[in-house]
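Tertiary structure, described
The residues making up each chain are set out below.
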Protein chains: 2
Amino acid sequence: MTAEPEPVEEQINGETAVANGADDADVVTPWTVKTSSATGIDYDKLIAKFGCRKLESDLITRLEALIEKPAHPMLRRGLFFAHRDLARILDLAEKKKPFFLYTGRGPSSGSLHLGHLIPFMFTKWLQDAFDVPLIVQITDDEKFLWRDIPLDKLGEIANGNIKDIISVGFDPRKTFIFKNTEYMCPAFYNNILKVWKVVTINQARAIFGFVGEDSMGKSAFPAIEAAPCFATSFPHIFGNKKNIPCLIPCAIDQDPYFRMTRDAAPRLKYEKPALIYSTFLPALQGAQSKMAGSDQNSCIFLNDTPNQIKNKINKYAFSGGQATTEEHRRLGGNCDVDSSFQFLRFFEEDDDKLAEIRQRYESGDMLSGELKKEAITIVQRVIGDLQARRKTVTDADVVEFARVKPLDFTF
Amino acid sequence: MTAEPEPVEEQINGETAVANGADDADVVTPWTVKTSSATGIDYDKLIAKFGCRKLESDLITRLEALIEKPAHPMLRRGLFFAHRDLARILDLAEKKKPFFLYTGRGPSSGSLHLGHLIPFMFTKWLQDAFDVPLIVQITDDEKFLWRDIPLDKLGEIANGNIKDIISVGFDPRKTFIFKNTEYMCPAFYNNILKVWKVVTINQARAIFGFVGEDSMGKSAFPAIEAAPCFATSFPHIFGNKKNIPCLIPCAIDQDPYFRMTRDAAPRLKYEKPALIYSTFLPALQGAQSKMAGSDQNSCIFLNDTPNQIKNKINKYAFSGGQATTEEHRRLGGNCDVDSSFQFLRFFEEDDDKLAEIRQRYESGDMLSGELKKEAITIVQRVIGDLQARRKTVTDADVVEFARVKPLDFTF
């Protein structure tokens, strides 16, 4: 792991670059997310520090008009809460001009957990709404550089993760899922080179907080996450089209990579990537940290059984309820710090039901045990649906998604 | 260009690492070679500083016994003067165990010059003597990162350079010549990753003198020159054999790359590369600098006409002769600072003739004009032979040498 970086602020060609997160209490980097606040990261401060924009309701309204259906619940509820240049993507979509989606995953544990699922569920919804190609980068190289896992072992982990991602419901005719160590090729490398050339060692250090004891590979890696922002990295999909921009749905801790990429893009005569950022799914233990595979007890994994899900939520899910039933009836619970309620915000699609649960919990009418039961039901359903699809996903599917072939789009 | 590095000494896992050259007066890095001494770099000091070994006559004798013919003149005359682990390669050859040759070229000017020719002429001789595969890396990516030349323009320059290299007489059934931007592939990238992981930013800075204002790409590049030392970068040639070591003939300014590689190799469970290092061909103006394409007047290019060669040597070649004919007859000339004599040392194969020229010039019997005439004749012959072969080299040959295919060797 990277040593915890010193907070550094630097202006690079117009995009605000910050190594650390919202303030001294909040740390948000691609490697660490933590806060001392029970309600979690202060996302408004983070927006101001990172220099991205709050996703205001006018943009959501515009998006709904464009796709002629309601926005995804995670959008309506502000769980995807910030963006860069989303309006430009909507402009393109209104003019029926092409764009593509790009997101990714660093394979670090045997099974994805609920937190990993957020960007993929939302990306699937975006892809269906706009009918555009999706690129999914599996950064097995990053995990090799940051962790002590051999490349072949990472290959197995990555394949399992890819199966989990496929289970979200993607279509190999519209989606390219590749591991960096398997896709690496001249088109991809040439864009890596172009990014490498225009970002200095000092800039990378300011953005990512690298220190001299870090490996050369860590300092080289950011360009490898940047390169898929450019359509020319995928000639099998985009032919010789140079300026098809991408929209990246991801958690906001990835912003440093894309701030860097957005600074580099104009110098490479490429379109800047647009971004839409999610908040973090809280750990079972509460919003001071995100759900993280490195802490098994903080997570619900996609391969947990219904019983495991029930037990984990009952045992670990931080409660916003009062100490005694009597007190709870009198004072009501606090949804904003309650992990079970936060899970419902992410996964319960019915707005009315969610509002009702909030009202009942905050009024003291609903007890913590009942709220947990609601969360258990919905999490079991989400994971159950995924597991049912996961059973049908084969090694051949992993190969097919990674096959270097045209997708069902012409440009 | 990289800012001129501060001299730094550091011990990394046993190989002595030095950013700069022999002493304060001598600068030897992959990017700069200069000295204030008229007799050129002090190579004995450089050996001590870099921590490589002098190539002593016992090794040459052993090599001659092994190949059953005399050593190449450049070996006999100490122009290939230093090595790392050459004895280990001779051990393997004696046991009929495999090794391969690896060398490279950074494409930076339209035509190679005489200085570039040295490692390739010597490599060709080694390849013929041992009948082993040869890998030639064309670092178009390096030149892209260090110079302001677009990738497509570098592609053209590289193709011209590859034709020059092919003209030395290589056989595409035994030799793989590839551009990094065209060969980049998973096998190659995986070795780059492995090197990246075990070298820190601090170590790279100490070895190469990188500064914060340098691009990320510069600090990433050394692993890309290191990776071809490992047979697993070329599965089409070596199959799944992991530990076929390489011998690298090159000029000693490339030592920093291979010191780094030799430190990394055991941690990757790979064989260390062995090296055989040449001195620098002096510039026409004398041995204070090497022949360098960036200074047109310092060079004789492989596409110079016989007349251009004659005029350049007559006009620019630094003379070790005396100011007047009378003085020269009385005092004699100084071969050690005379560029024409140095060219003869590299290219005149007849030892007796070379000794006679030295004797006659130093005794004052031969005048500078006569010495220049000898140099002109031999350089015209070397370049004339090359140009005759160059005429027959086609674009298809460049493609054939770069084709990812097995070579005529089994392992």
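For clarity, every value in this text was computed on a predicted model and none was experimentally measured.

Along its length, chain A carries 20 helices and 13 strands. In terms of overall dimensions, chain A has C-alpha extents of about 65 × 45 × 45 Å along its principal axes. Classification of the 411 residues of chain A by burial places 60% in the buried group. Long-range contacts, defined here as pairs at least 24 residues apart, represent 77% of the contacts in chain A between residues at least 6 apart. Approximately 15,800 Å² of chain A is accessible, and the part contributed by carbon and sulfur atoms is 48%. Taken together, the 52 basic and 56 acidic charged side chains of chain A have centroids lying 4 Å from each other.

Moving on to the domain arrangement of chain A. Residue and element names in this part refer to chain A. Here the domain parsing of chain A yields domain 1 (27-284) and domain 2 (306-391). Its C-alpha centre places domain 1 at a distance of 29 Å from the equivalent point of domain 2. Tallying the contact residues gives 23 residues for domain 1 and 25 residues for domain 2. Here domain 1 packs against domain 2, burying approximately 2,000 Å² in sum over the two surfaces, 66% of which is carbon and sulfur. Linking domain 1 with domain 2 are three salt bridges. Asp351 is the partner of Arg77 in a salt bridge, and the nearest nitrogen-oxygen pair spans 2.7 Å. Put simply, domain 1 and domain 2 have eleven residue pairs in polar contact (both at pLDDT 80 or more) between them. Within the residue set of the side of domain 1 that touches domain 2, elements represented by two or more residues are helix H3 (73-76), helix H5 (114-130), helix H7 (151-167) and strand E12 (282-283). In terms of residue class, the side of domain 1 that touches domain 2 is made up of 14 nonpolar, five polar and four charged.

Counting from both sides, the interface comprises 38 residues of chain B and, opposite them, 38 residues of chain A. Interface area, chain B with chain A, both sides summed: about 3,200 Å², of which 69% is carbon and sulfur. Looking at the side of chain B facing chain A, the largest losses of area belong to B:Lys197, B:Ile201 and B:Met216, adding up to 25% of the total buried there. Counting across the chain B and chain A interface gives two salt bridges. A salt bridge links A:Asp148 to B:Lys197, with the nearest nitrogen and oxygen atoms 3.7 Å apart. Where chain B meets chain A, there are 20 residue pairs in polar contact (both at pLDDT 80 or more). For the side of chain B that touches chain A, the elements supplying multiple residues, two or more each, are helix H6 (140-146), helix H8 (180-183), helix H9 (186-198), helix H10 (201-208), helix H11 (216-220) and helix H12 (222-226) of chain B. If you tally residues by element for the side of chain B that touches chain A, the top one is H9(B), at seven residues.

Right, let's talk about the sheet that holds strand E11 (residues 274-278) of chain A for a bit. All names here are of chain A. Overall, mixed pairing links the seven strands, which are arranged E5-E6-E11-E10-E7-E8-E9 in an open sheet. With one partner strand each, in any of the chains shown, strand E5 (53-54) and strand E9 (175-179) form the two edges of the open sheet. When strand E8 (residues 134-138) meets E9, the two strands line up parallel, connected through five bridges. The partner of Val136 across the bridge, within E9, is Ile177. Sheet strands in contact with H7 are strand E7 (100-105), E8 and E9, and its direction is about 165° off that of E9.

This brings us to the relation of the copies chain B and chain A. Overlaying chain B with chain A gives an RMSD of 0.0 Å, the required rotation being 180° about an axis along which the chain moves by 0.0 Å. What the rotation and shift describe, once combined, is the action of a two-fold rotation axis. Of the interface residues in chain B, 100% have counterparts in chain A that sit at the interface too, so the contact is made through matching surfaces.

To continue, consider helix H4 (residues 86-94) of chain A. Residues and elements named next belong to chain A. Residues of H4 that are buried include every one of Leu86, Ile89, Leu90, Leu92 and Ala93, and no others. Projected down its long axis, H4 shows its buried positions confined to an angular sector of 155°, all on one face. Elements that come into contact with the buried residues of H4 comprise helix H2 (57-67), strand E6 (80-84), H5, strand E10 (246-251) and E11. The first or second residue beyond H4 is Lys96, which carries a positive phi of 55°.

Core analysis: the biggest nonpolar cluster contains 140 residues, and A:Trp196, A:Ile252, B:Trp196 and B:Ile252 have the highest contact counts within it. Setting aside residues no more than four positions away along its own chain, A:Trp196 makes contact with A:Tyr189, A:Ala220, A:Ala223, B:Leu145, B:Trp196, B:Ser215, B:Met216, B:Gly217, B:Ala220 and B:Ile224.

On to the pattern of salt bridges, then. Summed over all chains, the structure comprises 52 salt bridges over all chains. Residue A:Arg76 pairs with A:Asp351 through a salt bridge whose shortest N-O separation is 2.8 Å. Taken as a pair, A:Arg76 in helix H3 and A:Asp351 in helix H18 (residues 351-363) lie far apart in primary sequence, 275 residues in all. A:Arg76 gets classed as partly exposed once you look at its relative accessible area, which sits at 34%. A salt bridge links B:Arg403 to B:Glu400, with the nearest nitrogen and oxygen atoms 2.9 Å apart.

Inspection of the entire model under this criterion finds 61 aromatic pairs over all chains. Among the aromatic residues, those joined into a cluster by ring pairs are A:Trp31, A:Tyr102, A:Trp146, A:Phe208, A:Phe210, A:Phe221, A:Tyr257 and A:Phe258. Looking at A:Lys197, its charged tip hangs above the ring of B:Phe144, at a distance of 4.8 Å from the centre. Over the face of the ring belonging to A:Phe50 we find A:Arg259, whose NZ or CZ atom lies 4.8 Å from the ring centre.

All names here are of chain B. Within the secondary structure, Ser37 is located in the loop between strand E4 (33-34) and helix H1 (43-50). In the structure, Ser37 is positioned 247 residues away from Leu284 in sequence and 15 Å away in space, judged by C-alpha atoms. Apart from residues no more than four positions distant in its own chain, Ser37 is found in contact with Ala287 and Gln288. Reaching out from Ser37, the side chain makes a polar contact with the side chain of Thr39 at a distance of 2.9 Å.

All names here are of chain A. Positionally, Thr103 belongs in strand E7. Take Thr103: its relative accessible area is 4%, and that puts it in the buried class. Taking the C-alpha atoms as reference, Thr103 lies 9.1 Å from Pro228; in sequence the two are 125 residues apart. Leave out the neighbours within four places in its chain, and Thr103 touches Pro119, Phe120, Thr123, Leu134, Ile135, Val136, Gln137, Pro249 and Cys250.

Procedures and definitions
Residues numbered from 1 in each chain as written. Chains lettered and ligands numbered in written order. Predicted model: local features only at pLDDT ≥ 70, side-chain atom pairs only at ≥ 80, totals over all residues. Heavy atoms only, no water. Helix = DSSP H or I, 4+ residues; strand = E, 2+ residues; numbered from the N terminus. Buried < 20%, exposed > 50% of the residue type's maximum accessible area, 1.4 Å probe, protein only. Contact = heavy atoms within 4.5 Å. Areas by Shrake-Rupley, 256 points an atom, 1.4 Å probe, with all protein chains shown as cover. Lys, Arg positive; Asp, Glu negative; His and termini not counted. Charge placed at Lys NZ, Arg CZ, Asp CG, Glu CD. Domains from an automatic or database assignment. Buried area = accessible area lost by both parts, 1.4 Å probe. Salt bridge = Lys/Arg side-chain N within 4 Å of Asp/Glu carboxyl O. Polar contact = N/O pair within 3.5 Å; in protein donor to acceptor, adjacent residues only side chain to side chain. Nonpolar A, V, L, I, M, F, W, Y, C, P; charged D, E, K, R; others polar. Pairing = 2+ DSSP bridges. Axes fitted to C-alpha atoms, helices over the stretch in contact; angles between N-to-C directions. Least-squares fit on C-alpha atoms with pLDDT ≥ 70 in both. Arc of directions from axis to C-beta. Core = buried A, V, L, I, M, F, W, Y, C linked by side-chain atoms within 4.5 Å. Phe/Tyr/Trp six-rings, centres within 6.5 Å; stacked < 30°, edge-to-face > 60°. Lys NZ or Arg CZ within 6 Å of the ring centre and 35° of its normal.

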